Amino acid sequence: MKESRLVVGLMTGTSLDGVDAALVEIIGSGLLTQIKLKYFYSVPFDSKVRDQLLRVASGRLVSAQVISHLNFLLGILYSEAVFKLCKGARIDLHQLDLIGSHGQTIFHQSEPSVFCGRKIASTLQIGEPSFLAENTGVTTISDFRPRDMAAGGKGAPLIPYVDYILFRDLRQGRVLLNIGGIANVTSIPASPKIIQVRAFDTGPGNMPIDIVVRRFTQNEKKFDHRGEIARSGKVIPTLLEDLLADPYFALKPPKTAGREQFGEHFTSKLLDQDGSRCFEDLVCTATEVTAQSVARAITELVLPQAHIDQLIISGGGAYNDFLLQRLRALLPQLEVLRSDDFGIPANAKEAVGFAILANETLNLHSGNIPSATGARHPVVLGKVVCGNNYKRLRGIVKS
Ligand SMILES: Nc1ncnc2c1ncn2[C@@H]1O[C@H](COP(=O)(O)OP(=O)(O)O)[C@@H](O)[C@H]1O
Ligand SMILES: [Mg+2]
């Protein structure tokens, strides 16, 4: 009922680096949505939590107790992230209207396989939203992906709807590239109808780079700051060719990827060396795999379908200057920008996106784009856990 809402978006991605929290003022909904990012805060996972998440997300055998405990623990950590966000923004929890929480993906298989005699695809995001609703008092929407999968979609990517709201343009054709652990693109031609939006995961983003850096520095460094390590190395051509031969890169969209495809197993080729390779060359090669797989996806799967002028980059990988330099060199026909140039800091974009998607659900608007996820039809995404403010949200009790 309110003209403008204060919405928190929470995102924890495949990099397992921490919780990103965005405080967004949202006016309206649907295609008329206007936003203002009021504050952004990132809370890193401590190494114990990260190690547990990594065990689960890498597909190692763990007990149901570990998964159940992690689900509750993350819910508590998410609510603490909201406290910190509000403190930093100097606002009271009571002023918040809504929280949208993506959760932590610990499993995502979008292609069905036979299980108990049935063809099953599934996804699992954890981070119990009941703790957000209870500890903050704010109604929380979470678990956005399963509804799209139940409608025959791949459950991902969901940010294209947000990209369409925020970045569609009458004159410029745009590709939005988010470089998180995994890299994904959204293609939006000039003056588009929503059904013209295409999106898919191109493959690895920062994940293999992070794994190599962490392994060689014994976790002292968590990533290649600004791509400085890669810049001082050389590509190892045989290894690059081997990694780029992965069948995922030749698949046609819709397609989604995760740690299952580009995590420890994929990266083992960069690590299982006889000691003759230098660290900088391995980081450089991992970076080149990301640059070339993104450039190939855009050249072969996006540009033949739509006229595109600009490439707008977000995600933590947008701060890897060497990776951006390589993308500019591989895609000279595109103007390469960062989402910061449009008022949304690169590291905040996905958290902002889940604030917008929660606002869509609150307004009973669909949030998936079937041409991006492969769903049979648009659906209203997510599940709602009511906080103390739910009556006010419905306009029953005036605030
Ligand atoms: N200054 C930087 N230089 C290079 N890479 C960076 C920088 N800051 C963040 N990153 C990369 O971004 C990753 C986090 O990106 P993020 O968008 O949070 O991914 P995810 O959504 O998978 O969690 C880090 O693990 C790191 O690889
Ligand atoms: Mg992250």
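Thresholds applied
- Residues numbered from 1 in each chain as written.
- Chains lettered and ligands numbered in written order.
- Predicted model: local features only at pLDDT ≥ 70, side-chain atom pairs only at ≥ 80, totals over all residues.
- Heavy atoms only, no water.
- Helix = DSSP H or I, 4+ residues; strand = E, 2+ residues; numbered from the N terminus.
- Rg over C-alpha atoms; globule rule 2.2 N^0.38 Å.
- Buried < 20%, exposed > 50% of the residue type's maximum accessible area, 1.4 Å probe, protein only.
- Contact = heavy atoms within 4.5 Å.
- Areas by Shrake-Rupley, 256 points an atom, 1.4 Å probe, with all protein chains shown as cover.
- Expected span 1.5 Å × (residues − 1).
- Near = heavy atom within 4 Å.
- Polar contact = N/O pair within 3.5 Å; in protein donor to acceptor, adjacent residues only side chain to side chain.
- Salt bridge = Lys/Arg side-chain N within 4 Å of Asp/Glu carboxyl O.
- Domains from an automatic or database assignment.
- Buried area = accessible area lost by both parts, 1.4 Å probe.
- Nonpolar A, V, L, I, M, F, W, Y, C, P; charged D, E, K, R; others polar.
- Pairing = 2+ DSSP bridges.
- Axes fitted to C-alpha atoms, helices over the stretch in contact; angles between N-to-C directions.
- Phe/Tyr/Trp six-rings, centres within 6.5 Å; stacked < 30°, edge-to-face > 60°.
- Lys NZ or Arg CZ within 6 Å of the ring centre and 35° of its normal.

Draft legend 1. Quick peek at the overall build of the protein. Secondary structure assignment for the protein yields 15 helices and twelve strands. A compact globule built from 399 residues would reach a C-alpha radius of gyration of about 21 Å, and the protein, at 20 Å, matches this within 12%. Seen through its C-alpha atoms, the protein measures out along the principal axes to roughly 70 × 50 × 50 Å. Taken over 399 residues, the protein has a buried fraction of 54%. Nonlocal contacts in the protein, meaning residues at least 24 apart in sequence, comprise 70% of its contacts between residues at least 6 apart. On the protein, roughly 17,800 Å² of surface is accessible, and the fraction owed to carbon and sulfur atoms is 53%.

Draft legend 2. Up close: helix α13 (residues 349-362). In a regular helix each residue adds 1.5 Å, so 14 residues correspond to 20 Å; α13 covers 20 Å between its end C-alpha atoms and thus fits that length. Within α13, 13 of the 14 residues are buried, which leaves it mostly tucked inside the rest of the structure. At the C-terminal side of α13, Leu 364 shows a positive phi close to 60°.

Draft legend 3. Examining the site of ligand 1 more closely. The local shell around ligand 1 holds 18 residues, among which Ser 15, Gly 181, Asp 210, Arg 226 and Gly 316 are the closest. For ligand 1, an oxygen atom lies 2.8 Å from a polar atom in the side chain of Ser 15. Within the side chain of Asp 17, a nitrogen or oxygen atom sits 3.0 Å from an oxygen atom of ligand 1. Notes on ligand 1: free accessible area 580 Å², of which the protein chains cover 88%.

Draft legend 4. Region of interest: the pattern of salt bridges. Under the defined criterion, the tally for this structure stands at 13 salt bridges. Residues Asp 97 and Arg 392 are paired through a salt bridge, measuring 3.1 Å at the closest nitrogen-oxygen approach. In this pair, Asp 97 is assigned in the loop between α2 (64-89) and β4 (98-115) and Arg 392 in helix α15 (residues 390-393), connecting sequence segments 295 residues apart. For Asp 97, a relative accessible area of 2% puts it in the buried group. Judged by its relative accessible area of 21%, Arg 392 is partly exposed. Each member of the salt-bridge network shares a partner with another, and the members are Arg 226, Asp 321 and Arg 338.

Draft legend 5. The domain arrangement of the protein, seen in detail. Under the domain assignment, the protein is made up of domain 1 (4-159 + 348-393) and domain 2 (170-347). Using C-alpha coordinates to define each centre, domain 1 is positioned 24 Å away from domain 2. At the junction of the two partners, domain 1 supplies 27 residues and domain 2 supplies 27 residues. Roughly 2,200 Å² of surface becomes buried between domain 1 and domain 2 when both sides are summed, with 55% attributable to carbon and sulfur atoms. In terms of surface lost to domain 2, no three residues of domain 1 exceed Thr 14, Lys 349 and Ser 371, which account for 25% of the buried area on that side. On the surface where domain 1 and domain 2 come into contact, there are zero salt bridges. Seen at the junction of domain 1 and domain 2, the total is ten residue pairs in polar contact (both at pLDDT 80 or more). At the level of elements, β3 (34-44), α1 (47-57), β4, α13 and α14 (370-373) are the ones that each hand at least two residues to the side of domain 1 that touches domain 2. Of all the elements, β4 adds the most residues to the side of domain 1 that touches domain 2, at four residues. Looking at the side of domain 1 that touches domain 2 residue by residue, the classes come out as 14 nonpolar, eight polar and five charged.

Draft legend 6. Main features of the sheet that holds strand β11 (residues 335-338). As summarised here, the arrangement of the five strands in space is β9-β8-β7-β10-β11, forming an open sheet in which the pairing is mixed. In this open sheet, the two edge strands, each paired with only one partner strand, are β9 (198-204) and β11. Going from strand to strand, the sheet's axes swing by 20° on average, the running direction of each strand aside. One ladder, built from five bridges, connects strand β7 (residues 174-179) with strand β10 (residues 310-314); its direction is parallel.

Draft legend 7. View of the pairing of β4. The pairing of strand β1 (residues 4-12) with β4 spans five bridges and is parallel. Note that in β4 the partner of Leu 10 across the bridge is Ser 101. Inspection of the sheet shows β4 paired to strand β5 (residues 118-126) by eight bridges, in the antiparallel sense. Directly across from His 108, in β5, lies its bridge partner Thr 123. In this structure, the hairpin formed by β4 and β5 is closed by a connection of two residues, where Cys 116 is found at a positive phi of approximately 50°.

Draft legend 8. Examining the packing of aromatic side chains more closely. Inspection of the entire model under this criterion finds eight aromatic pairs. Between Phe 72 and Phe 131 the ring centres are 5.0 Å apart and the planes differ by 70°, which places this aromatic pair in the edge-to-face class. Taken together, the residues span a long stretch of sequence, with Phe 72 in helix α2 and Phe 131 in helix α3 (residues 129-136) at a distance of 59 residues. With relative accessibility at 42%, the residue Phe 72 sits in the partly exposed group. Both rings, one in Phe 216 and one in Phe 279, keep their centres 5.3 Å apart while their planes meet at 20°; by these two values the pair is stacked. Of the two residues, Phe 216 is situated in helix α6 (residues 207-216) and Phe 279 in helix α11 (residues 279-302); the sequence distance between them amounts to 63 residues. Judged by its relative accessible area of 18%, Phe 279 is buried. Three or more aromatic residues joined by ring pairs make a cluster, and in this case those are Tyr 248, Phe 249, Phe 262 and Phe 266. The ring of Tyr 248 carries Lys 255 above its face, with NZ or CZ at 4.5 Å from the centroid.

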